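Structural characterization, general
The residues making up each chain are set out below.
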Amino acid sequence: MVDTLVLMVNSCQVDSLHNLQQDVVRKVLPLLHKIWKNVDKLGSSTDCINSKNQLQRKEHEISEAIFRLSMNIACPAHLEPDEVRRSIFGQSVSDFENFLLNYWEKSTYLVTRKQKNLHVDSVFTSLLNEFDPKTPDTIIQSLVNGIVSCPAIASDELDISSFLREVQGSLGATVKYRQDIRVVRTNDQCDQTSIGYAMEEHFFDDGMTFQDADAFVEKCKDAFKNGFSVALRGMEFRSEKIAAIASAVADLFGQPSVGANIYFSPPRAQGLARHYDDHCVLVWQLLGCKKWMIWPDTKLLLPRLYEPFEPLDDLVDDCGGRMEILLEGDIMYVPRGFVHEAHTDVDVGGFEVNSTVDCSLHLTLAIEVEPPFEWEGFTHIALHCWTEKHWSSPFVKSQEEARTSLFALLLHVAIRLLSKNDATFRKACMVAAKLPPSSSCTTTHSKALRSNQRSFFDEIIKKIDKSCNFKEALMCIGLAVREKNDEPFQWMCWLRHLPQHGGTNDQVDFCNIFGALEELLEAVSCNLEQSLTEFTDFKSKFCRCVAYEDACESFEMLLQMYRTTRNQYTRGMLALHRKHEI
């Protein structure tokens, strides 16, 4: 029966799994999970009369079936965004709105808590209950025991079936070092580099996997006693409560998802070396305290996801840092690009092995702004929407239709080039943020937030009209065509998710853009002056006629598509980490 069930579920089209009754699936999953954890014993049981009664399905096939069955099951630990907003930013609506207007992507922000009031915060209490704070060993046990690897899913992957094909045979595998976990310390005694700050020392080798789960837990405990911090990635895939918090924060900021990592450090320790992130971070101190040093971003441009990191040489002035002490319950916001390091260098005596008093446990919520959800991405969506509407007009002739397609592609490239050196384009677009219901005293804040988003868009459109350069975009395309290299245009891939006018033959393949670039170059090169005039006219029409509301609608539709796939992945991974009771 189990063999047949696993075979049928894994052979089924993902879309068809929606038809399964959730109550039946909920009954099956705990049993399937127990079988998965004992598959080695069941596959060679001496109780079987003959081989035909032995379990034939492989371990990874059962884990895939668990993942598939769980993708559409609602998470029982769901939290409303407003509940999480109150826990993180305070009871007043204006606290959150003030944060967005004055600190978001600009400056650090600290929310301190009165220790005596922490027990009444249901979100904080449920979060802390995820771990066993009796001793350092019990915390490590609760963090590491039973976890499996969470393989990366492509940021613009909106088909969970493609992900399942990519990881076939490896879903539910043991944790992989650096991908899932880091056990690291940074000491003053470490070798100093030319840039003058200490380097990280890792307890395990890169890419190492851990087949013996019990031995792995014991090694982590030993490492902790020797000054190493344990950093576990992807907590939103391993804990339902953390997943619920991360999902609510994503809603608050209008982003597809939010990552969650947890860090457990011994006394007098620095885990990660001094660094900056390409995403914004909310640091939530759960146990103990930690000292942070933070340096403001001296660059005009926010770092972007997936772009190379700059060396820290010119980014840090040792005299210009700001120190913050986080106590239990405190929350600190660190914008992307702000260099920081953290220590548990509390002045204590000998480290008591069985005490958590001077240790530190904190959770980070990473608000990663994916390319479509920056203001540059919103602008590309606006251009696409306007082009589609322009295309569908009965007054547009077929020849003009073809020119529209080519000039739209050229303007996409020109916008990209303009955004490389303009800070506004890199900021997070939050038109889909779930703002809390405003009371009469905070209506002004809400209006200011919405007006702030519209102002960003108006500013960007003016810059496009004034500064988008036909010749610069054409030179960029010409270089790619001559070198037969479309790598600089891979950023366009996510545009394939937007609906396109016309039949398949008329659509631009944004994942294989080279042919369209060749066609564009050939079309405009034969008469550059005329093409320049036509492009300028096209750009001006777009800037005059683009509809902000249309772009908002398409933006939110794309956001929902991203969220659907991320939620499917999260539910599947949570099911593999769930400790089912039979």
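Residues numbered from 1 in each chain as written. Predicted model: local features only at pLDDT ≥ 70, side-chain atom pairs only at ≥ 80, totals over all residues. Heavy atoms only, no water.

**Focus: the overall build of the chain**
Threshold: Helix and strand definitions here come from DSSP, where helices need a minimum of 4 consecutive H or I residues and strands a minimum of 2 consecutive E residues; each element is numbered from the N-terminal end. Under the scheme applied here, a residue whose accessible area is under 20% of the maximum for its type counts as buried, over 50% as exposed, and between as partly exposed, the area being computed with a 1.4 Å probe on protein chains only. Residues are treated as being in contact if the distance between any of their heavy atoms lies within 4.5 Å. Per-residue and other accessible areas were derived by the Shrake-Rupley procedure at a 1.4 Å probe size, with only the shown protein chains allowed to occlude residues.
Secondary structure summary: the chain contains 19 helices and 11 strands in total. Looking at the chain residue by residue over its 582 residues, the buried ones come to 54%. In the chain, of all internal contacts separated by at least 6 residues, the share reaching a separation of at least 24 is 85%. Split by element, the accessible area of the chain, about 27200 Å² in all, is 50% carbon and sulfur.

**A word on helix H18 (residues 528-545)**
Filter applied, for reference: Here the expected span of a helix is defined as 1.5 Å times the quantity of residues minus one.
Taking 1.5 Å of rise per residue, 18 residues should cover 26 Å, and H18 covers 25 Å from first to last C-alpha, within 8% of that figure. Turning to H18, its buried residues are Ser-531, Phe-535, Phe-538, Lys-539, Ser-540, Phe-542 and Cys-543.

**Let's talk about the sheet that holds strand E3 (residues 200-202)**
Test applied: Two strands make a pair as long as DSSP finds a minimum of two bridges between them. Axis definition: a line fitted to C-alpha atoms, limited for helices to the stretch in contact. Angles are taken between N-to-C directions and run from 0 to 180 degrees.
On the basis of which strands lie adjacent, the open sheet formed by eight strands has the order E1-E9-E6-E11-E5-E4-E2-E3 and antiparallel pairing. One side of each edge strand has no neighbouring strand; the edge strands of this open sheet are strand E1 (109-111) and E3. Adjacent strand axes in the sheet meet at a mean angle of 25 degrees, parallel and antiparallel pairs treated alike. When strand E5 (residues 259-265) meets strand E11 (residues 360-367), the two strands line up antiparallel, connected through seven bridges.

**Thoughts on the side chain of Glu-374**
With respect to the helices, strands and loops of the structure, Glu-374 is situated in the loop between E11 and helix H12 (375-391). With residues up to four places along the chain from it excluded, the contact list for Glu-374 reads Arg-304, Arg-336, Val-369, Phe-425, Arg-426, Lys-427, Ala-428 and Cys-429.

**A short note on the sheet that holds strand E8 (residues 322-326)**
Overall, antiparallel pairing links the three strands, which are arranged E8-E7-E10 in an open sheet. At either end of the open sheet lies a strand with only one pairing partner, and these are E8 and strand E10 (339-343). Strand-to-strand twist across the sheet, computed as the mean angle between neighbouring axes with direction ignored, equals 20 degrees. Across five bridges, the pairing between strand E7 (residues 290-295) and E8 is antiparallel. Bridge pairing in E8 places Met-293 opposite Met-323.

**What to know about a nonpolar patch on the surface**
Filter applied, for reference: Candidate patch residues must exceed 30% relative accessible area and have no salt bridge, after which like charges are joined if within 9 Å and Val, Leu, Ile, Met, Phe, Trp or Tyr side chains if within 5 Å. Should a side-chain nitrogen of Lys or Arg be within 4 Å of a carboxyl oxygen of Asp or Glu, the pair is scored as a salt bridge.
A cluster of nonpolar side chains, contributed by Met-323, Ile-325 and Leu-327, occupies part of the molecular surface with about 270 Å² of accessible area. Tracing the backbone through its elements, the reader meets Met-323 in strand E8. Given the relative accessible area of 47%, Met-323 is considered partly exposed.

**A short note on the pairing of strand E2 (residues 181-186)**
Counting buried residues in E2 gives six out of six residues, a clear majority hidden from the surface. Of the two faces of E2, the one holding Ile-181, Val-183 and Arg-185 and the one holding Arg-182, Val-184 and Thr-186 are both buried throughout. Judged from the four bridges that link them, E2 and strand E4 (residues 229-232) form a sheet pairing that is antiparallel. Note that in E4 the partner of Val-183 across the bridge is Val-230.

**As for the pattern of salt bridges**
Under the criterion given, the structure shown has 32 salt bridges. With a shortest N-O distance of 3.0 Å, Asp-132 and Lys-134 are connected by a salt bridge. Assessed through its relative accessible area of 24%, Asp-132 is described here as partly exposed. Asp-156 serves as the salt-bridge partner of Arg-496, at 2.9 Å between the closest nitrogen and oxygen. Taken as a pair, Arg-496 in the loop between helix H16 (470-482) and helix H17 (514-525) and Asp-156 in the loop between helix H8 (136-144) and helix H9 (160-166) lie far apart in primary sequence, 340 residues in all. You can call Asp-156 buried: its relative accessible area is 18%. Overlapping salt bridges bring together Arg-304, Glu-374, Glu-376 and Arg-416 as one network.

**Comments concerning the packing of helix H1 (residues 2-11) against helix H4 (residues 59-70)**
Rules: Oblique is the label for any angle not covered by the other classes, which are roughly parallel (under 35 degrees), roughly antiparallel (over 145) and roughly perpendicular (65 to 115). Note: crossing handedness is left-handed where the near helix turns anticlockwise from the far helix by less than a right angle, and right-handed where it turns clockwise.
The contact between H1 and H4 brings their axes to 9 Å, and the two run at 60 degrees. For the element pair H1 / H4, the angle class is oblique. The two elements H1 and H4 cross, and the hand of that crossing is left-handed. For the pair H1 and H4, contact is made by Val-6, Val-9 and Asn-10 and by Glu-61, Ile-62, Glu-64, Ala-65, Arg-68 and Leu-69, respectively.

**Quick notes on the packing of aromatic side chains**
This is how it is decided: Centres within 6.5 Å make a pair out of two Phe, Tyr or Trp rings, where for Trp the six-membered ring is used; the pair is then stacked when the planes are under 30 degrees apart, edge-to-face when over 60, and tilted otherwise. Over a ring means this: the NZ of a Lys or the CZ of an Arg is within 6 Å of the ring centre and within 35 degrees of the ring normal.
A full pass over the atoms with the stated rule returns 37 aromatic pairs. Between Phe-204 and Phe-210, the ring centres sit 4.9 Å apart and the planes meet at 70 degrees, which makes this aromatic pair edge-to-face. A single burial state applies to Phe-204 and to Phe-210, both of which are buried. Aromatic pair Phe-407 and Phe-538: ring centres 6.0 Å apart, planes at 35 degrees, arrangement tilted. One end of the pair, Phe-407, is in helix H13 (residues 398-419); the other, Phe-538, is in helix H18, and 131 residues separate them in sequence. The class for Phe-407 is buried, based on a relative accessible area of 5%. Taken together, the aromatic side chains of Phe-89, Phe-96, Phe-99, Tyr-103, Trp-104, Tyr-109, Phe-253 and Tyr-333 make up a single cluster linked through ring pairs. Directly above the aromatic system of Trp-36 lies the positively charged group of Lys-37, at a separation of 4.3 Å from the ring centroid. Above the face of the Tyr-276 ring, Lys-299 is positioned so that its terminal group lies 5.0 Å from the ring centre.

**Some details on the environment of Glu-487**
Within the fold, Glu-487 resides in the loop between H16 and H17. We classify Glu-487 as exposed; its relative accessible area is 59%. Separated by 27 residues in sequence, Glu-487 and Phe-514 place their C-alpha atoms 9.4 Å apart.

**Digging into the nonpolar core**
Defined as follows: Nine residue types can take part in a nonpolar core, namely buried Ala, Val, Leu, Ile, Met, Phe, Trp, Tyr and Cys, and a core is a set of them joined through side-chain atoms within 4.5 Å. Each domain's limits were defined by an automated method or a database of domain assignments.
One finds Trp-104, Val-249, Phe-253, Trp-284 and Leu-286 to be the most contacted residues of the largest nonpolar core, which totals 68 residues. Of the residues that make up this core, three or more belong to each of domain 2 (81-150 + 170-369) and domain 3 (373-561). Residue contacts for Trp-284: discarding those within four places in its chain leaves Ser-87, Ile-88, Val-123, Phe-124, Leu-127, Ile-245, Gly-329, Asp-330, Ile-331, Leu-361, His-362 and Leu-363. Of all hydrophobic cores here, the second largest spans 63 residues; its members include Trp-375, Phe-535, Phe-538 and Phe-555.

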